[in-house]
Amino acid sequence: MARIRRSPNFADGVFQNPVGARTRPSGSMAEFAKVYFRKEERVLRVPDGTVPVHATTVADLAKAPASGLRLTWMGHSSVLAEIDGRRVLFDPVWGQRCSPFSFAGPKRLHPVPLPLAALGPVDVVVISHDHYDHLDLPTIKALAGTGTVFTVPLGVGAHLERWGVPADRLRELDWNETTEVAGIRLTATPARHFCGRGLRNQQHTLWASWAVAGPEHRIYHSGDTGYFPGFADIGAEHGPFDATMIQIGAYSEYWPDIHMTPAEGVQAHLDLQGGKPGGALLPIHWGTFNLAPHPWAEPGEWTRDAAGEAGQAVALPRAGEPFEPSGKLPSEPWWRAVSPPIAHPWRRAAGPDTAPAGRRGLDLAEEQHT
């Protein structure tokens, strides 16, 4: 608490956002409930069939990445990053529900790609904030026995200590503080979100995005965040990045300040890269849990569109599918096999003149990347 009270980001008894943000749903709750529970929308928030998952094996991960950097999206915001000979695990959630209860709350739409015990040694676990879909008690308890180091935003360490993580394996950082683990530099960078795991939460834990740098590569994980001008500052200080992992799901007009839409996520990536396409964008925070009124696969479809329009290379792996950002990126829209067609709100309708142009943007991004 002494460190928290001294933080320049703590005022009036709570942590503050870098720019103003409403953290509770806006508008009429009656109208929101009507939309959320309406049958037509509800059926679109779950897949039509079995979500395809890459069954990650030990063999997939046993051979070191040729480029020195490999990412494996495990679903939602969980990513294994193999960077310059070290292994960084972001926001690991292996539980069946992101909820305080084992019998209620958002349930997985697909299985985990591999058991946590089969993941192999991890040098550092990075947590973005303490919400249930990012900080999962059973997963942390399992990892607590492995000897890994945990790097977390200021205040989040209290949860981990209570769950059995020794204090000497915790690195708690305020925004713009850096720690080094196994030769990898990890910096907590600002995000526009909030914290809490209960109704009586006192806003005494910080939320963060993360810039991670090895001897040869740099990556960025957004955690949860609304769009804000600070992405350009983060990029100028810590970028450009070989790859970014950007939240593009669970958005809504009812909470526009704390989660990004796909278009905002693509813009955030461009800001981080100095205002122009570069590196690889891996969309996260979608496809695994039903957390918002939008169709479950909409974030993937719209991110693909927005990245294509911007000429930005985007990776669209199935959960568990490893890829190297400097190589050929997975780009197949795998969700279409179990999702009805999803229209984009601003993209022109496909036709003889418009379809090739949109496709050209995606092709150009892939061509420039490879």
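Residues numbered from 1 in each chain as written. Predicted model: local features only at pLDDT ≥ 70, side-chain atom pairs only at ≥ 80, totals over all residues. Heavy atoms only, no water.

Here we come to the sheet that holds strand β8 (residues 170–173). Spatial strand order, β8-β7-β6-β5-β4-β3-β15: 7 strands in an open sheet with mixed pairing. If you trace the sheet from one side to the other, it starts and ends with β8 and β15 (322–323), each paired once. When strand β3 (residues 69–75) meets β15, the two strands line up antiparallel, connected through 2 bridges. Across the sheet, the residue bridging to Leu 71 is Phe 323, located in β15. (Pairing = 2+ DSSP bridges. Helix = DSSP H or I, 4+ residues; strand = E, 2+ residues; numbered from the N terminus.)

On to the packing of helix α8 (residues 262–272) against helix α9 (residues 298–310). At a minimum axis distance of 8 Å, the contact between α8 and α9 shows a crossing angle of 45°. On the basis of the axis angle, α8 is oblique to α9. Crossing handedness for the pair α8 and α9: right-handed. Residues Pro 262, Ala 263, Val 266 and Leu 270 of α8 form the contact with α9, whose participating residues are Pro 299, Trp 302, Thr 303, Ala 306, Ala 307 and Ala 310. Considering only residue class, the contact of α8 with α9 consists of 9 nonpolar, 1 polar and no charged. (Axes fitted to C-alpha atoms, helices over the stretch in contact; angles between N-to-C directions. Parallel < 35°, antiparallel > 145°, perpendicular 65-115°, else oblique. Left-handed = near helix turned anticlockwise from the far one by under 90°. Contact = heavy atoms within 4.5 Å. Nonpolar A, V, L, I, M, F, W, Y, C, P; charged D, E, K, R; others polar.)

A separate point is helix α7 (residues 230–238). Of all the positions in α7, only Gly 230, Phe 231, Ile 234, Gly 235 and His 238 are classed as buried. The arc that holds the buried residues of α7, viewed along the axis, is 145°, so those residues lie on one side. For α7, the exposed residues set more than 90 degrees away from the buried face come down to Asp 233, Ala 236 and Glu 237. Structurally, α7 contributes buried residues whose contacts are with β10 (184–189), β11 (209–213), β12 (218–221) and α8. (Buried < 20%, exposed > 50% of the residue type's maximum accessible area, 1.4 Å probe, protein only. Arc of directions from axis to C-beta.)

Another point: α8. For α8, the tally of buried residues reaches 8 of 11 residues, placing the bulk of the element in the interior. Buried within α8 we find Pro 262, Gly 265, Val 266, Ala 268, His 269, Leu 270, Asp 271 and Leu 272. Looking at the packing, one finds that the buried side of α8 touches β12, α7, β13 (243–247), β14 (280–284) and α9. Downstream of α8 by one or two residues, Gly 274 has phi in the positive range, about 85°.

Here the bond from Gly 239 into Pro 240 is cis, since omega is -5°, no more than 30 degrees from zero. In this fold, Pro 240 is placed in the loop between α7 and β13. Unlike most non-glycine residues, Asp 91 shows phi in positive territory, near 40°. Among the secondary structure elements, Asp 91 is positioned in the loop between β5 (86–90) and β6 (124–126).

For the coordinates displayed, the defined rule picks out 13 aromatic pairs. With a centroid separation of 5.5 Å and 85° between ring planes, the pair formed by Trp 286 and Trp 335 is classed as edge-to-face. Of this pair, Trp 286 sits in the loop between β14 and α9 while Trp 335 sits in the loop between β15 and α10 (354–369), and the two are 49 residues apart along the sequence. Classification of Trp 286 as buried rests on a relative accessible area of 3%. Of the residues examined, Trp 335 reaches a relative accessible area of 0% and is grouped as buried. Feature note: the residues Trp 73, Trp 286, Trp 296, Trp 334 and Trp 335 constitute an aromatic cluster, connected by ring pairs. Looking at Arg 197, its charged tip hangs above the ring of Tyr 132, at a distance of 4.0 Å from the centre. (Phe/Tyr/Trp six-rings, centres within 6.5 Å; stacked < 30°, edge-to-face > 60°. Lys NZ or Arg CZ within 6 Å of the ring centre and 35° of its normal.)

On the basis of which strands lie adjacent, the open sheet formed by 6 strands has the order β9-β10-β11-β12-β13-β14 and mixed pairing. Lying at the two open borders of the sheet, with one neighbouring strand each, are β9 (178–181) and β14. On average, each strand axis in the sheet is inclined to that of its neighbour by 20°, with strand direction left out of account.

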